[in-house]
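Here is how the chains run, residue by residue.
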Amino acid sequence: MKLRSVFSALTLTLATVFTSSQAIAEETFTLRLAETWGPNFPIFGDTTKSMARMAEEMSNGRLQIRIDSSNRHKAPFGIFDMVKAGQYDMGHSASYYWKGKVPNTLFFTSMPFGMTAQEQYAWFYYGDGMDLMQEVYEPHNMLSFPGGNTGIQMGGWFNKEINSLDDLQGLKMRIPGFAGEVFAEVGVNPTNIAPGELYTALERGTIDAVEWVGPALDLRLGFQQIADYYYTGWHEPATELQFLINKDSWEKLPADLQQILQIAMRTASYDMLIMSMHENANAWASIQSDFPDLQVRTFPDDVIQAMYDANSKLLQEAAERDDLARRIVDSQAEYLSNARAYTNISDRAYLNTMAELE
């Protein structure tokens, strides 16, 4: 199935969707969604609730989505398997969590030194992103859709300052995805830990550093109380969550409800991006006023260069692994090159101009 052709149908107006809904017998469909996040988890959990609410309202109650958080299903990193098996109809998580099962899934969250959120959404919806992502998930009887973006994530909380590559040797850090592989290349011991366990792991010294998201969600977990250094990002410039859908469950839905569900997912995803911007700005202001001694740092140039070189090496190895990985890597690189040329004369030029005025 060509996802680009599916999304072209989104040009239908909501009025058309409502009209077709009313013309169909009032059969109700209930989908069960499992999410990686705990109950009432901010921003991420708001996105699933918003999507479910919109789907129900636009369908006049014909499409209902019941959400089970991780406290109910007890498997925060089991979403892929549960949706694939049909235990749940839908899931909300992050694609790079499944790299141990299907390595090519990690490309669809965010790549180190890669696209910004605006560039990446353009790649998904107007480039090859959706079609390539579906090629990865098709053998597993699932569809994957963008599920909300955090924007550029911070580089993590550290108990000691990083002045050179020597400071990274043997450092235990929670960091998932391709960035974890990059860090491993320069001497870090990366690990992945469920969100609810991160604070305790850092506090008890099980890990030496933790990367989570950004000020809004980091502040809620309290990392600023136990870590002295907060590093700026390089590794996840556009972290996209995902909605997974079991293909059998999807095909049971009438065409109009499929359209409504797509609209709800796409709208909720965009809303997560702007909510993230709003909440991060407010949280950063709070950190500056309440924790003035917190040290914000950018990784030294030699560390950044070493990570960039490691990233390039790993991308080449991934591209050599199989043809699909190569096509994804090439597609992202080509799209980034084209989009970044415009970003540089638009967003970057504007920000540089404003910086000179301040």
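Please read these numbers as outputs of a predicted model, since none were measured by experiment.

Each value, and the rule that gives it
Residues numbered from 1 in each chain as written. Predicted model: local features only at pLDDT ≥ 70, side-chain atom pairs only at ≥ 80, totals over all residues. Heavy atoms only, no water. Helix = DSSP H or I, 4+ residues; strand = E, 2+ residues; numbered from the N terminus. Expected span 1.5 Å × (residues − 1). Buried < 20%, exposed > 50% of the residue type's maximum accessible area, 1.4 Å probe, protein only. Contact = heavy atoms within 4.5 Å. 1 Å grid on protein atoms, 1.4 Å probe; cavity = no way out; pocket = protein on both sides within 12 Å on 5 of 7 lines; lining within 4 Å. Points joined across faces, edges and corners; volume = space filled by probe spheres on them. Nonpolar A, V, L, I, M, F, W, Y, C, P; charged D, E, K, R; others polar. Core = buried A, V, L, I, M, F, W, Y, C linked by side-chain atoms within 4.5 Å. Pairing = 2+ DSSP bridges. Patch = residues over 30% accessible without salt bridge, like charges linked within 9 Å, V, L, I, M, F, W, Y side chains within 5 Å. Areas by Shrake-Rupley, 256 points an atom, 1.4 Å probe, with all protein chains shown as cover. Salt bridge = Lys/Arg side-chain N within 4 Å of Asp/Glu carboxyl O.

Trainee: Help me out: how do you make sense of helix H3 (residues 44-58) in this one?
Mentor: The α-helix advances 3.6 residues per turn, and as a result positions three or four apart in sequence lie on the same side. Taking 1.5 Å per residue as the helical rise, H3 with its 15 residues ought to reach 21 Å, and the 22 Å between its terminal C-alpha atoms agrees with that figure. Looking at H3, one finds that the buried residues are Phe44, Gly45, Thr47, Thr48, Ser50, Met51, Ala52, Met54, Ala55 and Met58. Directly beyond the C-terminal end of H3, a positive phi value near 55° is found at Asn60.

Trainee: Is there a simple way to think about helix H13 (residues 301-321) in this case?
Mentor: The terminal C-alpha atoms of H13, which comprises 21 residues, lie 30 Å apart, in line with the 30 Å expected from a rise of 1.5 Å per residue. Residues of H13 that are buried include every one of Val303, Ala306, Met307, Ala310, Asn311, Leu314, Ala318 and Ala319, and no others. On its buried face, H13 is in contact with helix H8 (177-185) and helix H14 (323-357).

Trainee: I'm lost on the layout of surface pockets in this one. Help?
Mentor: In this approach, a probe sized like a water molecule rolls over the atoms, and the result shows the empty space that is left. Taken as a whole, the largest pocket spans an internal volume of roughly 1200 Å³. Every residue lining the largest pocket is counted, 30 residues in all, and those nearest its centre are Thr116, Ala117, Gly151, Ile152 and Pro237. For the lining of the largest pocket, the secondary-structure elements that each account for two or more residues are helix H6 (117-126), helix H12 (255-290) and H14. Looking at which element gives the most residues to the lining of the largest pocket, the answer is H12, with seven residues. Residue composition of the lining of the largest pocket, grouped by class: 14 nonpolar, twelve polar and four charged. Each pocket or cavity is described by its volume, and for the second largest pocket that value is around 270 Å³. Lining the second largest pocket are 14 residues, with Pro112, Phe113, Gly114, Leu315 and Leu336 positioned closest to its centre. Elements that contribute at least two residues to the lining of the second largest pocket include exactly H13 and H14. Broken down by class, the residue content of the lining of the second largest pocket amounts to nine nonpolar, five polar and no charged.

Trainee: Could you clarify how one ought to interpret the nonpolar core in this entry?
Mentor: Note that soluble globular proteins tend to have their nonpolar side chains buried in a common cluster. In this structure, Phe44, Met51, Met90, Phe183 and Leu261 are the most contacted members of the largest nonpolar core, which totals 107 residues. With near-sequence residues (within four places) excluded, Phe44 lies in contact with Trp37, His92, Thr150, Trp212, Val213, Leu217, Leu241 and Met272.

Trainee: Is there a simple way to explain the sheet that holds strand S8 (residues 209-210) in this structure?
Mentor: Strand pairing in a sheet is mediated by backbone hydrogen bonds. Such pairs are either parallel or antiparallel. Judged by pairing direction, the sheet is mixed, and its six strands sit side by side in the order S7-S6-S8-S5-S9-S11 without closing on themselves. For this open sheet the edge positions go to strand S7 (189-191) and strand S11 (295-297), each flanked by a neighbour on one side alone.

Trainee: Honestly, a nonpolar patch on the surface in this entry has me stumped. Any pointers?
Mentor: On the surface, Tyr350, Leu351, Met354 and Leu357 cluster together into a nonpolar patch covering about 440 Å² of accessible area. Counting through the fold element by element, Met354 comes out in helix H14. Residue Met354 is classed as partly exposed on the basis of its relative accessible area, which comes to 30%.

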